[in-house]
Amino acid sequence: EPEVTQTPSHQVTQMGQEVILRCVPISNHLYFYWYRQILGQKVEFLVSFYNNEISEKSEIFDDQFSVERPDGSNFTLKIRSTKLEDSAMYFCASSAPDRGSYGYTFGSGTRLTVV
Amino acid sequence: AQSVTQPDIHITVSEGASLELRCNYSYGATPYLFWYVQSPGQGLQLLLKYFSGDTLVQGIKGFEAEFKRSQSSFNLRKPSVHWSDAAEYFCAVGAYSGNTGKLIFGQGTTLQVKP
């Protein structure tokens with residue numbers, strides 16, 4: 001079964017450093033997403049991406065965050081200057097071309113720890 | 001505004017007993033509803049989804065859920081719980097904005113299974 005692959009599974013970074021979280025969506029999917037889950041809390045939408053541009057973003061997704069699809073397979077989330085409160089599990093997801101199907105597939109997540 | 005409420009933060013059931021996890025949603029249009037399960041340190045696995053049609057949907061691992069429009073509910077059930085079902089369960093509603101459909105998650109319900 002096709003998977004969404006996220007790397008690394010766990011990243012530790014110092015406050016103020018830049019981090020890039022990487023994702024390889026399912027190959028025929030056209031819509032890409034990042035979600036965040038702070039420990040013990042619910043999963044929150046960050047951003048959606050379609051046709052090489054951001055479709056929607058939440059209030060969490062401020063100027064410190066950016067997304068990119070640098071080639072035909074990768075989808076990245078960059079945090080420019082990490083803060084302690086950015087520590088969370090970050091999930092990438094992709095969905096099928098048929099938006100009516102909501103064929104959402106999540107990756108296993110990257111646990112980001114900011115120290 | 002769209003929202004999902006899972007009234008039970010933590011539920012404990014005995015192995016072999018039946019289970020019902022509650023979910024209430026607020027959404028203006030016809031909702032797309034989902035249940036996900038998350039084991040500790042793992043990603044989100046889709047249990048089942050409702051788009052339209054039969055209001056009783058079957059999912060993986062013996063789970064089912066019933067959509068009740070009049071009650072704005074989408075409760076998850078399982079007739080006989082197994083110890084391996086211990087996990088965090090998230091209800092979500094799909095919300096379209098343009099071409100993309102973000103998921104809005106509830107706070108989650110932690111299921112503990114007693115031997």
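All of the points below concern the structure found in this document. (Residues numbered from 1 in each chain as written. Chains lettered and ligands numbered in written order. Predicted model: local features only at pLDDT ≥ 70, side-chain atom pairs only at ≥ 80, totals over all residues. Heavy atoms only, no water.)

1. A few points about the overall build of chain B
The helix and strand tally for chain B stands at zero helices and 12 strands. Going residue by residue from the N terminus, the α and β elements of chain B occur as β-β-β-β-β-β-β-β-β-β-β-β. Its C-alpha atoms give chain B a radius of gyration of 14 Å, near enough to 13 Å, the size a compact globule of 115 residues would have. The principal-axis extents of the C-alpha atoms in chain B amount to approximately 45 × 30 × 25 Å. Within chain B, the fraction of its 115 residues that count as buried is 47%. For chain B, the proportion of contacts with a sequence separation of at least 24, taken over those separated by at least 6, is 53%. (Helix = DSSP H or I, 4+ residues; strand = E, 2+ residues; numbered from the N terminus. Rg over C-alpha atoms; globule rule 2.2 N^0.38 Å. Buried < 20%, exposed > 50% of the residue type's maximum accessible area, 1.4 Å probe, protein only. Contact = heavy atoms within 4.5 Å.)

2. Quick look at the sheet that holds strand 8 (residues 75-79) of chain A
Residue and element names in this part refer to chain A. Spatially, four strands are ordered 1-3-8-7 in an open sheet, and the strand pairing comes out antiparallel. Of all strands in the sheet, those bounded by a partner on one side alone are strand 1 (5-7) and strand 7 (65-68). The mean angle between the axes of side-by-side strands here comes to 20°, regardless of whether they run parallel or antiparallel. Note: strand 3 (residues 19-24) against strand 8, five bridges, orientation antiparallel. (Pairing = 2+ DSSP bridges. Axes fitted to C-alpha atoms, helices over the stretch in contact; angles between N-to-C directions.)

3. Quick notes on the interface of chain B and chain A
Each side of the interface is counted separately: chain B has 24 residues, and chain A has 22 residues. If you look at where chain B meets chain A, you find one salt bridge. Of the charged contacts, one joins Glu 56 of chain A and Lys 102 of chain B as a salt bridge, the two residues approaching to 2.9 Å between their closest N and O atoms. Going through the elements one at a time, strand 5 (32-38), strand 10 (87-97) and strand 11 (100-105) of chain B are the ones with two or more residues in the side of chain B that touches chain A. Counted by class, the side of chain B that touches chain A contains 10 nonpolar, 12 polar and two charged residues. (Salt bridge = Lys/Arg side-chain N within 4 Å of Asp/Glu carboxyl O. Nonpolar A, V, L, I, M, F, W, Y, C, P; charged D, E, K, R; others polar.)

4. Some thoughts on the pairing of strand 8 of chain A
Residues and elements named next belong to chain A. Counting buried positions along strand 8 gives four out of five residues, so the element sits mostly inside the fold. Where strand 7 meets strand 8, four bridges bridge the pair, whose relative direction is antiparallel. Along strand 8, the bridge assignment pairs Ser 66 with Lys 78. Count of turn residues in the strand 7/strand 8 antiparallel hairpin: six residues.

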